[in-house]
Amino acid sequence: MGKVTAVILAAGMGTRMKSELVKVLHPLLGRPMLAHVVETVRAAGVDRTVVVVGYQADQVRQAIQEPVEFVDQPEQLGTGHAVMQAEKLLTGFAGVVLVTYGDTPLYLPQTYRSLIERHVSSGAKATLLSTFVDDPTGYGRVVRDPGGGFREIIEQKDIASPEVESIREINTGTYCFDALSLLAALRGIRNDNRQGEYYLTDVLKSLKEQGERVQVEVLPDATEALGINDRKQLAQAEKILKRRVLDRLMESGVTIVDPDATYIHDSVKIGRDSVIYPFTSIEGETVIGEGCRIGPNARIVDSKLGNGVTVDASSIYESTVHDRASIGPHIFVPPGSEVREGKIIDRQW
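Because the structure is predicted, anything quoted here is derived from the model rather than measured. (Residues numbered from 1 in each chain as written. Predicted model: local features only at pLDDT ≥ 70, side-chain atom pairs only at ≥ 80, totals over all residues. Heavy atoms only, no water.)

Help me understand the pattern of salt bridges in this model?
As a working rule, side chains carrying opposite charge can pair if their charged atoms are close by. Scanning all chains against the criterion turns up 18 salt bridges. When the shortest N-O distance is used, the salt bridge between Arg151 and Glu152 registers 3.6 Å. Classification of Glu152 by relative accessible area gives buried; the value is 18%. Notably, a salt bridge pairs Glu152 with Lys205, separated by 3.9 Å at the nearest N-O pair. Of this pair, Glu152 sits in strand E9 (residues 150–154) while Lys205 sits in helix H8 (residues 201–209); the two residues are 53 residues apart in sequence, bridging distant segments of the chain. Residue Lys205 is classed as partly exposed on the basis of its relative accessible area of 34%. Ionic contacts of the salt-bridge type, sharing partners, join the residues Arg31, Glu39 and Asp266 into one network. (Salt bridge = Lys/Arg side-chain N within 4 Å of Asp/Glu carboxyl O. Buried < 20%, exposed > 50% of the residue type's maximum accessible area, 1.4 Å probe, protein only. Helix = DSSP H or I, 4+ residues; strand = E, 2+ residues; numbered from the N terminus.)

Before we go on, may I ask you to explain the sheet that holds strand E27 (residues 344–345) in this structure?
Hydrogen bonds between backbone atoms are what pair the strands of a sheet, whose relative direction is either parallel or antiparallel. Strand order in the open sheet formed by six strands is E12-E15-E18-E21-E24-E27, with parallel pairing between adjacent strands. In this open sheet, the two edge strands, each paired with only one partner strand, are strand E12 (255–256) and E27. (Pairing = 2+ DSSP bridges.)

Help me understand the pairing of strand E16 (residues 280–283), please; the structure alone is not making it clear to me.
Within a regular strand, the side chains alternate between the two sheet faces. Of the two faces of E16, both are covered, the one formed by Thr280 and Ile282 as well as the one formed by Ser281 and Glu283. In this sheet, strand E19 (residues 299–301) lies alongside E16 in parallel orientation, the contact comprising three bridges. Bridged to Ile282 within E19 is Ile300.

Is there a simple way to explain the environment of Gly102 in this structure?
Residue position: Gly102 is located in the loop between strand E6 (96–101) and helix H5 (109–122). Classification of Gly102 as buried rests on a relative accessible area of 0%. Considering only alpha carbons, one finds Gly102 and Val7, 95 residues apart in sequence, at a separation of 9.5 Å.

It is not clear to me how the sheet that holds strand E14 (residues 269–270) should be interpreted in this structure. Could you clarify?
The strand order E14-E17-E20-E23-E26 describes an open sheet built from five strands, whose pairing is parallel. At either margin of the open sheet sits one strand with a lone partner, and together these are E14 and strand E26 (338–339). For strand E23 (residues 320–321) and E26, the ladder comprises two bridges, and the chain directions are parallel. Residue pairing across strands places Val321 opposite Val339, the latter belonging to E26.

What am I meant to see in H5 here?
Every α-helix carries 3.6 residues per turn, so stepping three or four residues along brings you back to the same face. Taking 1.5 Å of rise per residue, 14 residues should cover 20 Å, and H5 covers 20 Å from first to last C-alpha, within 8% of that figure. Along H5, the residues classified as buried are Thr111, Tyr112, Leu115, Ile116, His119 and Ser122. The buried residues of H5 occupy an angular sector of 140 degrees when projected down its axis, which confines them to one face. Once H5 finishes, Gly123 follows within two positions and takes phi at roughly 80 degrees, a positive value. (Expected span 1.5 Å × (residues − 1). Arc of directions from axis to C-beta.)

Can you walk me through the side chain of Ser181 in this structure?
Assignment of secondary structure puts Ser181 in helix H7 (residues 179–186). Within the structure, Ser181 has its side chain in polar contact with the side chain of Asp178 (distance 2.7 Å). Apart from residues no more than four positions distant in its own chain, Ser181 is found in contact with Lys125 and Leu207. (Polar contact = N/O pair within 3.5 Å; in protein donor to acceptor, adjacent residues only side chain to side chain. Contact = heavy atoms within 4.5 Å.)

Please clarify how the pairing of strand E1 (residues 4–10) should be interpreted in this entry.
For E1, the buried fraction is high: seven of the seven residues fall into the buried class. Residues Val4, Ala6, Ile8 and Ala10 of E1 are buried on one face, and the alternating residues Thr5, Val7 and Leu9, pointing to the opposite face, are buried as well. Pairing analysis gives six bridges linking E1 to E6, with the strands arranged parallel. Note that in E6 the partner of Leu9 across the bridge is Tyr101. Looking at chain direction, E1 and strand E4 (residues 48–53) are connected through six bridges and run parallel. Residue Thr5 lies in a different strand from E4, and its bridge partner there is Arg48.

Encoded structure:
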């Protein structure tokens, strides 16, 4: 696959979130949404990750513990301008640049990996990831030439014809570029549009006009490209991510009695033949052994449970529970506790 650098755009405030907290730090399954994106590009095989920050830059730096590099975009003057801020870190790099957004946490690693591999194998200078949606309102439209190839992208605010308005193929905002071609094209783009912004999409248009190959890869599942702009979309993304976690656990031999009524972080590990009953929340770095019975109405946070443990309508925080212990109902196990092997706790701790 060659050397790949990811550039994640995460500088915007996210005004539609109606929050004092920058959008990319809003939590999904207990972690900032940006952390999900960083982890996914790393899992896709990216060698180096650059995050473009702006609003609440210091908080973003503190929140992301993964080994990434940060560059500042003090003024948000468009996506092209955002990538320009990474120019110093990309100078001399001759590999592939993957560009994506910090508010799109639903991509799977194989989606990024496939996009990169197809970009490399095609010899294209730029590859756009597109998808089809029923309602394209608000998205940039992918306009194709008579032969079905890429012609240009027209942003929603620049659409001037019903024909373009009706196009259902949209730009996801995720791309692969040849690094040298990207930097050269960025230096030539202008902001003579209605928004007065430097569009990254103009790089594609510029490369096309120079006779370079620009291709489009279509993402079959548009759900992966969902961007989070408000609290409703945040809840929608949380539901999708939660279901992926529960499906993975069930496929590994864990019984989830009612997935719709169960909440488990993706950092949690659970052994096979354990049963998770409804209205249970398991969070943080919790590890649960085999053959356990958890719930209903249980909450377990950052704790380690051995094999054969039973937890009935109780809460456990930052504690260790040894094999075959039984806790509940209606017990609170405070941080730092240790429940011995085989012990039965059936009254308030």
